[in-house]
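Understanding the architecture of this molecule
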Amino acid sequence: MEKFTLHTGVAAPMDRANVDTDAIIPKQFLKSIRRTGFGPYLFDAWRYLDEGQPEMDCTNRPRNPDFILNQPRYRDASVLVARKNFGCGSSREHAPWALLEGGFRVVIAPSYGDIFFNNSFKSGLLPIVLAEAEVDRLLHDIQAFPGFRLTIDLERQLVIWPDQSKSLPFEVDAFRKYCLMNGLDDIGLTMRHADKIRDFEQARRLSQPWLFPLELN
Amino acid sequence: MSATIASPTENSVMHQQTLYDKLWNQHVVHVEDDGTTVLYIDRQLLHEVTTPQAFEGLKLSGRKVWRLSANVATVDHSIPTTPPSEGIADPIARLQVETLDKNVREWGIKQYFEWGDPRQGIVHVISPEQGSTLPGMTLVCGDSHTSTHGALGALAFGIGTSEVEHALATQTLLARKMKNMLVQVDGVLPAGITAKDLVLAIIGRIGTAGGTGYAIEYAGSAIRALSMEGRMTLCNMTIEAGARTGMVAVDEQTLNYIKGRPFAPKGEMWDQAVAYWKTLVSDPGAKFDRVVQMNAADIKPQVTWGTSPEMVLSIEDRVPDPDKEKDSTRREGMERALKYMGLQPNTPITDIRVDKVFIGSCTNSRIEDMRAAAAVVRGRKKAANVKVAMVVPGSGLVKAQAEREGLHKIFLEAGFEWREPGCSMCLGMNPDRLEVGERSASTSNRNFEGRQGTGGRTHLVSPAMAAAAGIAGHFVDIRHWK
Ligand code: SF4
């Protein structure tokens, strides 16, 4: 996983609530057995006018002119600002994978689907929660000022406006922050507790043996 | 908001635990300073879509599966619902299924209900059916509807692929404790009203983000009165209310359901297990961070009209009018949904005509659902405007049971299709799907844009309501079905 410390990038507005993971990456692309290759199909049904299929070459597909991320000013966006309940729906980790490959490192919204929120940290995408009024203000500023760039300082937990004119603090779990800042793999960290897990399991085997039926071991 | 379960005898609430508290506490291996918890996982369910990258990750990092016997695998999402002997035409889907086959064999996972096995089916249907979901367990799966298993008094939740890999490698997950929410439903559900209507009404009430950050326990006389199938339908759609996990306390019905299933304990061990399982209820006086109360008698047949499960109404209502909505964000959301759904404001729900009917999915593909739909269809014919009405049992065992009862004949005689088990048109990863502009009455759980096929329009309903729409050609009030 790529480390995350400080990030500055163009912010793009997605002015709608309940953007679900089916919208972020439609199901036909979930047939892939790989972890990559989802970027071109990010928001596929909104981005293109035709129906996307896995492994399709997207260069000449008809683009939907009404889709916000198709506007040239957001072509290089890496911070996505959306409304409440972003990433609700299915557990597909393909959603943060697609966002990352599509160039995004940060999402800012008032709230998230729990599983998406969790998955994002595991893949190196930082989901930031800001109050609804602050998201309102951001959505406004992004649209008012072309090329609006935000800086996200994970160490200091701040979202910083262009020219440092304003900054807002955000919350993040200490453990998640630590993993993200160091690009650490959770599994390695958990394995430090392997002995504890083994002891716990052994105790469980004795107290609830029906969870460990002999024929399955 | 905060409240407690009323108890005349209990005056100290300090050490009273909710069911969720108990399940959580039982599985804590280690807690980091910031509260991040290493939580032991008893069971993991695997399917073809969210596991290939997890197994690949294991291999690349040179890790092993911690405990093979904790894993149960099947195929469900991308397989067609035609007989396995006909194979999988889509080469990408075929590769995905073959990859699971290969991983299961290479790693040595023994519990595999592969395509063609009579016990194969949707993960959330087969695991309870096999007794592989038991009360008191932590159970995870790379699928958000894992909440289904909470119906058996388990702590069950959906995870992403990195977490699938984490659970395979360590038999644990890193998690944080959620808050407690109680959804208390008392009274009696009127005739014709099912767990599906109840859960849609709950989502309509609290919203699709209402449960975010909470574990939901469903309690009250109406919940106790639900069958195990009904409780699974209810817990299944908990994720549509924003909560990752939902659960129902263990009672006699839970025990009766589990007894005798292949992986369930037997003999002396059964008694030992039951003694423990009976403690899996919220203590009187246990504290919940939020309480929602509903009266079962008020629930009417529910139909979603929009592109989020919270956009739901009763069959007696009319399509909402955005002009009457004052909040601008909500109004825009409504307008967008109506445009996508091709609906005019103020249209009576009963005037909405459907092109396809889908009876299936992990929400409603169990034997009771098949029976409820068959009872509506019996002796009638599919409406001419309905192009396809598809019935997809949740597992091979449900299918076999339904066929023993002759239900498939009822469907076939009415012009409905009777398919092989799988997820099917719930998400249309296989050939079963809606075409652009087509409208469905569906017993599945999500009405998101494009969920059942690009440009498809989904209305979520109960099995009886879906079946009735298939016969009438439009939505009808099942309470007046003769
Ligand atoms: S039936 Fe639908 S919701 Fe259930 S597991 Fe399959 S795709 Fe997911």
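Provided above is the structure to which this section pertains.
Residues numbered from 1 in each chain as written. Chains lettered and ligands numbered in written order. Predicted model: local features only at pLDDT ≥ 70, side-chain atom pairs only at ≥ 80, totals over all residues. Heavy atoms only, no water.

1. A closer look at the site of the ligand
Residues and elements named next belong to chain B. Taken together, H77, I122, H124, D143, H145, S361, C362, C423, C426, L427, N445 and R451 are the residues near the ligand. For the ligand, the cavity whose grid points lie within 2 Å of the majority of its atoms is the largest cavity. Counted by class, the shell around the ligand contains five nonpolar, five polar and two charged residues. (Near = heavy atom within 4 Å. 1 Å grid on protein atoms, 1.4 Å probe; cavity = no way out; pocket = protein on both sides within 12 Å on 5 of 7 lines; lining within 4 Å. Sits in = over half its atoms within 2 Å of the grid points. Nonpolar A, V, L, I, M, F, W, Y, C, P; charged D, E, K, R; others polar.)

2. What about the sheet that holds strand β12 (residues 245-248) of chain B?
Paired through their backbone hydrogen bonds, the strands of a sheet run either parallel or antiparallel. All names here are of chain B. Strands sit in the order β12-β11-β10-β14 across an open sheet of four strands; the sheet is parallel. At either margin of the open sheet sits one strand with a lone partner, and together these are β12 and β14 (290-295). Within the sheet, the average angular offset between the axes of one strand and its neighbour, ignoring direction, is 20 degrees. In terms of strand pairing, strand β11 (residues 214-219) meets β12 through four bridges, oriented parallel. Pairing of I216 across the sheet is with G246, part of β12. Together, β10 (179-186), β11 and β14 form the strand contacts of helix α6 (residues 195-206), whose direction differs from that of β14 by roughly 130 degrees. (Pairing = 2+ DSSP bridges. Helix = DSSP H or I, 4+ residues; strand = E, 2+ residues; numbered from the N terminus. Axes fitted to C-alpha atoms, helices over the stretch in contact; angles between N-to-C directions. Contact = heavy atoms within 4.5 Å.)

3. What about helix α15 (residues 463-472) of chain B?
All names here are of chain B. Among the 10 residues in α15, nine count as buried, and that is most of the element. Residues of α15 that are buried include every one of P463, A464, M465, A466, A467, A468, A469, G470 and I471, and no others. Next to the buried residues of α15 lie β15 (302-304), β17 (356-359), α12 (367-377) and β20 (439-442). At the exit of α15 stands G473, carrying a positive phi of roughly 90 degrees. (Buried < 20%, exposed > 50% of the residue type's maximum accessible area, 1.4 Å probe, protein only.)

4. Comments concerning unusual backbone geometry
Residues and elements named next belong to chain A. The backbone of N18 sits at a positive phi, close to 55 degrees, despite the residue not being glycine. Inspection of the secondary structure assignment puts N18 in the loop between β1 (6-14) and α1 (21-24). With phi around 70 degrees, E55 is a residue other than glycine that occupies positive phi space. Within the element layout of this structure, E55 appears in the loop between α2 (44-47) and β2 (79-82).

5. Focus on the layout of surface pockets
Approximately 1100 Å³ is the volume attributed to the second largest pocket. Contributing to the lining of the second largest pocket are 34 residues, with A45, W46 and N64 of chain A together with Y340 and E449 of chain B lying nearest its centre. When contributions to the lining of the second largest pocket are tallied by element, the ones reaching two or more residues are β1, α1 and α2 of chain A together with α11 (328-341) of chain B. For the lining of the second largest pocket, the residue count by class is 12 nonpolar, eight polar and 14 charged. (Points joined across faces, edges and corners; volume = space filled by probe spheres on them.)

6. So, the packing of aromatic side chains
Residue and element names in this part refer to chain A. All chains considered together, the criterion is met by 20 aromatic pairs over all chains. For the pair F86 and Y112, a centre-to-centre distance of 6.4 Å together with 85 degrees between the ring planes defines the contact as edge-to-face. Placement of F86 in the loop between β2 and α3 (94-101) and of Y112 in the loop between β3 (106-109) and α4 (114-123) is noted, with a sequence separation of 26 residues between them. Overall, F86 belongs to the buried group, its relative accessible area being 0%. A relative accessible area of 3% means that Y112 is categorised as buried. Site record: aromatic cluster; members linked through ring pairs are F86, Y112, F116, F117 and F121. Its guanidinium or amino end placed over the ring of W46, R16 lies 3.9 Å from that ring's centre, counting from NZ or CZ. Taking NZ or CZ as reference, K166 lies 5.2 Å from the ring centre of W161, over its face. (Phe/Tyr/Trp six-rings, centres within 6.5 Å; stacked < 30°, edge-to-face > 60°. Lys NZ or Arg CZ within 6 Å of the ring centre and 35° of its normal.)

7. Comments concerning the interface of chain A and chain B
The interface is formed by 60 residues belonging to chain A together with 78 residues belonging to chain B. When the two sides are added together, the surface that chain A and chain B hide from each other amounts to roughly 6100 Å², 55% of it contributed by carbon and sulfur. Along the contact surface separating chain A from chain B lie nine salt bridges. Across the pair R204 of chain A and D42 of chain B runs a salt bridge whose closest N-O atoms are separated by 2.8 Å. Here chain A is connected to chain B by 37 residue pairs in polar contact (both at pLDDT 80 or more). Counting residues per element, the ones that place at least two in the side of chain A that touches chain B are α3, α4, α6 (174-182), α7 (186-191) and α8 (194-207) of chain A. Ranked by residue count, the leading element in the side of chain A that touches chain B is α8 of chain A, at nine residues. (Buried area = accessible area lost by both parts, 1.4 Å probe. Salt bridge = Lys/Arg side-chain N within 4 Å of Asp/Glu carboxyl O. Polar contact = N/O pair within 3.5 Å; in protein donor to acceptor, adjacent residues only side chain to side chain.)

8. Focus on the sheet that holds strand β5 (residues 149-153) of chain A
All names here are of chain A. Sheet architecture is open: seven strands sit in the order β4-β3-β2-β1-β5-β6-β7, paired in mixed fashion. Every other strand in the sheet has two partners, leaving β4 (126-129) and β7 (167-169) as the edge strands with one partner each. Across the sheet, the mean angle from the axis of one strand to that of its neighbour is 25 degrees, orientation sign disregarded. Of the pairings in the sheet, the one linking β1 to β5 comprises five bridges and is antiparallel in character. Directly across from T8, in β5, lies its bridge partner T151.

9. Some points on empty space enclosed by the protein
By the definition in use, this model includes three cavities of 30 Å³ or more. Of the pockets and cavities examined, the largest cavity occupies roughly 220 Å³. In this structure, the largest cavity is lined by 22 residues; those nearest its centre are H77, D143, H145, L427 and R451 of chain B. Grouping the amino acids of the lining of the largest cavity by side-chain chemistry returns seven nonpolar, 11 polar and four charged. When its volume is computed, the second largest cavity comes out at roughly 80 Å³. For the second largest cavity, the lining is made up of 13 residues, of which C88, G89, G113 and D114 of chain A together with I239 of chain B are closest to its centre. Class assignment for the residues of the lining of the second largest cavity results in five nonpolar, seven polar and one charged.

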